[in-house]
Amino acid sequence: MSNRVRKAVFPVAGLGTRLLPATKTMPKEMLTIVDRPLIQYAVDEAREAGIEQMIFVTGRGKAALVDYFDMAFELETTMRDAGKSLDALASARTDYGEIVAVRQQEPLGLGHAVWCARHIVGDEPFAVLLPDDLMAGTPGALKQMVDAWEQVGGNMLCTEEVPAEKTKSYGVIAPGRVDGDLTEVLGLVEKPDPQDAPSRLGVIGRYILQPQVMQVLDAGTRGAGGEIQLTDALAKVIGTQPFNALKVNAVRHDCGDKLGFVLANLALALERPDLGPQVREYLASL
Ligand code: G1P
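None of these values were measured; they are calculated from a predicted model.

Novice: Help me out: how do you make sense of the overall build of the chain in this one?
Specialist: Each helix and strand counted, the chain has 10 helices and 13 strands in total. In terms of overall dimensions, the chain is globule-like: its C-alpha atoms have a radius of gyration of 19 Å, near the 19 Å expected for 286 residues. Taken over the C-alpha atoms alone, the chain extends approximately 60 × 45 × 35 Å along its principal axes. Expressed as a percentage of its 286 residues, the buried residues of the chain come to 49%. The long-range fraction of contacts in the chain, counting pairs at least 24 apart against all pairs at least 6 apart in sequence, stands at 75%. On the chain, roughly 14200 Å² of surface is accessible, and the fraction owed to carbon and sulfur atoms is 53%. The average position of the 29 basic charges and that of the 38 acidic charges among the side chains of the chain differ by 3 Å.

Dropping the structure here:
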């Protein structure tokens with residue numbers, strides 16, 4: 001069994017209903033933040049963290065996502081023959097490691113999506129990245145988690161404080177001992193009402209998990225919203241393995257939501273040396 005995190009699961013079969021009509025025929029993970037699709041931010045983050053195999057759990061209508069990570073032979077040849085620079089493609093032509101796609105044939109929830117990757121993950125620790133959560137940080141959020149995980153092992157998830165009235169949108173942890181940015185996880189509840197939430201520490205879409213969670217998911221137990229929840233399966237392994245939450249040094253943008261999507265575009269454009277000054281000037285003029 002590997003004690004390195006070499007594999008990452010990207011659940012990308014969702015319909016993106018919060019972003020309709022944009023997502024009517026377009027996978028939400030292909031919507032662009034400035035000049036690259038959302039999925040590329042997550043894959044770049046995984047690559048930086050040392051991940052070698054990217055496992056996409058996809059579904060119908062999501063082929064563009066997998067194609068994106070192939071070399072665009074026709075495009076490159078045509079551009080080269082026309083004497084055009086390939087610079088604009090440079091950020092999308094790096095080595096992405098091995099890309100594997102498995103199907104989630106029914107939308108039964110995040111836990112089910114992760115379980116669909118069980119045969120590819122095998123018997124080793126793995127990361128899960130939800131591309132909707134765009135994490136802007138240096139080093140990237142997953143790299144920060146891998147560095148912390150190498151010290152403590154077990155299961156690790158990423159948390160941030162969320163407003164009390166928003167606990168209903170997140171997995172929420174029951175915190176134990178705090179050691180710097182690490183908090184021991186004593187309990188986990190999926191999308192609790194504010195009065196039932198064990199804290200205001202919400203789970204953000206980055207996890208490093210032990211393969212045993214797949215055996216818990218085998219049972220297919222339904223939870224909040226009638227879905228097979230990853231949070232519920234993780235709650236069941238608490239106490240059997242070390243379990244920690246890490247507060248990472250990064251800004252999270254919830255790009256699965258219209259406001260978060262627009263703000264992510266603005267925030268990342270403002271940081272770009274080639275676009276930031278003009279965007280800033282335009283915003284000031286508004
Ligand atoms: C999922 C998880 C939830 C987590 C959230 C983070 O919920 O089920 O525990 O807090 O991602 O983005 P979703 O946003 O898919 O409803």
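Novice: Help me out: how do you make sense of helix α9 (residues 258–271) in this one?
Specialist: Given 3.6 residues to a turn, an α-helix orients residues that are three or four positions apart in the same direction. With 14 residues, α9 should cover 20 Å at 1.5 Å per step; its first-to-last C-alpha distance of 20 Å lies within 8% of that length. Here α9 has its buried residues at Gly260, Phe261, Ala264, Leu268 and Ala269. The arc that holds the buried residues of α9, viewed along the axis, is 160 degrees, so those residues lie on one side. At its buried positions, α9 is contacted by β2 (32–33), α1 (38–48), β7 (133–136), β13 (251–254) and α10 (276–285). In this structure aspartate 257 caps α9, since a side-chain oxygen of it lies 3.3 Å from the backbone nitrogen of leucine 259.

Novice: Teacher, can you tell me more about the nonpolar core here?
Specialist: In summary, soluble globular proteins display a tendency toward joint burial of nonpolar side chains. Judged by nonpolar contacts, the single largest core of 37 residues is most densely connected at Phe10, Ile39 and Leu142. Going through the elements one at a time, β1 (7–11), α1, β4 (53–58), β6 (126–129), α6 (141–152), β8 (155–161) and β11 (201–209) are the ones with two or more residues in this core. A per-element tally of this core places α6 first, with 6 residues.

Novice: Hey, could you run me through unusual backbone geometry in this one?
Specialist: Most peptide bonds take the trans configuration, and most residues that are not glycine carry a negative phi. Backbone torsion omega between leucine 20 and proline 21 reads 5 degrees, so that peptide bond is classified as cis. Tracing the backbone shows proline 21 in the loop between β1 and β2. Residue threonine 138 is joined to proline 139 through a cis peptide bond whose omega torsion reads -10 degrees. With respect to the helices and strands, the residue proline 139 is situated in the loop between β7 and α6. Look at valine 34: it is not a glycine, yet its phi comes out positive at around 60 degrees. Positionally, valine 34 belongs in the loop between β2 and β3 (36–37). Although it is not a glycine, lysine 191 adopts a positive phi angle of roughly 50 degrees. Counting through the fold element by element, lysine 191 comes out in the loop between β10 (182–190) and β11.

Novice: In this structure, what is going on with the environment of alanine 13? I would like to understand it.
Specialist: Positionally, alanine 13 belongs in the loop between β1 and β2. Considered as a pair, alanine 13 and lysine 62 are 49 residues apart in the sequence and their alpha carbons are 7.2 Å apart. Beyond its immediate stretch of four places on either side in the chain, alanine 13 contacts Val57, Thr58, Gly59, Lys62 and Gln104.

Novice: Quick question: what am I supposed to make of the pattern of salt bridges here?
Specialist: A side chain with one charge may pair with a side chain of the opposite charge, provided their charged atoms come close. Applying the stated rule across the entire model yields 18 salt bridges. We note a salt bridge from glutamate 124 to lysine 7, for which the minimum N-O separation is 3.8 Å. In this pair, glutamate 124 is assigned in the loop between α5 (118–121) and β6 and lysine 7 in strand β1, connecting sequence segments 117 residues apart. Judged by relative accessible area, lysine 7 falls into the buried class, the value being 12%. For the salt bridge of arginine 80 with glutamate 76, the shortest nitrogen-to-oxygen distance reads 3.7 Å. One end of the pair is arginine 80 and the other is glutamate 76, both in helix α3 (residues 73–81) and 4 residues apart, which spans about a single turn. Its relative accessible area of 2% is what places glutamate 76 among the buried residues. Through salt bridges with shared partners, one network takes in Asp35, Arg36, Arg272 and Asp274.

Novice: Looking at this structure, I do not really get the site of the ligand. What am I missing?
Specialist: Near the ligand you find Leu110, Leu130, Asp133, Tyr170, Gly171, Glu190, Lys191, Val203, Gly205, Gln229 and Thr231, and these make up its full shell. Contact between the ligand and aspartate 133: an oxygen atom at 2.9 Å from a side-chain N or O atom of the residue. Look at the ligand: alone it shows 380 Å² of surface, and the protein chains cover 77% of it. Broken down by class, the residue content of the shell around the ligand amounts to 4 nonpolar, 4 polar and 3 charged.

Novice: Help me out: how do you make sense of a nonpolar patch on the surface in this one?
Specialist: Residues Leu259, Val262 and Leu263 make up a contiguous nonpolar surface patch of roughly 280 Å² in combined accessible area. Its place among the elements puts leucine 263 in helix α9. When its relative accessible area of 41% is taken as the criterion, leucine 263 is described as partly exposed.

Novice: Please explain the pairing of β6 as it appears in this structure.
Specialist: Note on strand geometry: in a regular strand, side chains alternate between the two faces of the sheet. Burial of β6 is two-sided: the residues Phe126 and Val128 facing one way and the residues Ala127 and Leu129 facing the other way are all buried. The pairing of β1 with β6 spans 3 bridges and is classified as parallel. Bridge pairing in β6 places alanine 8 opposite alanine 127.

Definitions and cut-offs
- Residues numbered from 1 in each chain as written.
- Predicted model: local features only at pLDDT ≥ 70, side-chain atom pairs only at ≥ 80, totals over all residues.
- Heavy atoms only, no water.
- Helix = DSSP H or I, 4+ residues; strand = E, 2+ residues; numbered from the N terminus.
- Rg over C-alpha atoms; globule rule 2.2 N^0.38 Å.
- Buried < 20%, exposed > 50% of the residue type's maximum accessible area, 1.4 Å probe, protein only.
- Contact = heavy atoms within 4.5 Å.
- Areas by Shrake-Rupley, 256 points an atom, 1.4 Å probe, with all protein chains shown as cover.
- Lys, Arg positive; Asp, Glu negative; His and termini not counted.
- Charge placed at Lys NZ, Arg CZ, Asp CG, Glu CD.
- Expected span 1.5 Å × (residues − 1).
- Arc of directions from axis to C-beta.
- Polar contact = N/O pair within 3.5 Å; in protein donor to acceptor, adjacent residues only side chain to side chain.
- Core = buried A, V, L, I, M, F, W, Y, C linked by side-chain atoms within 4.5 Å.
- Salt bridge = Lys/Arg side-chain N within 4 Å of Asp/Glu carboxyl O.
- Near = heavy atom within 4 Å.
- Nonpolar A, V, L, I, M, F, W, Y, C, P; charged D, E, K, R; others polar.
- Patch = residues over 30% accessible without salt bridge, like charges linked within 9 Å, V, L, I, M, F, W, Y side chains within 5 Å.
- Pairing = 2+ DSSP bridges.

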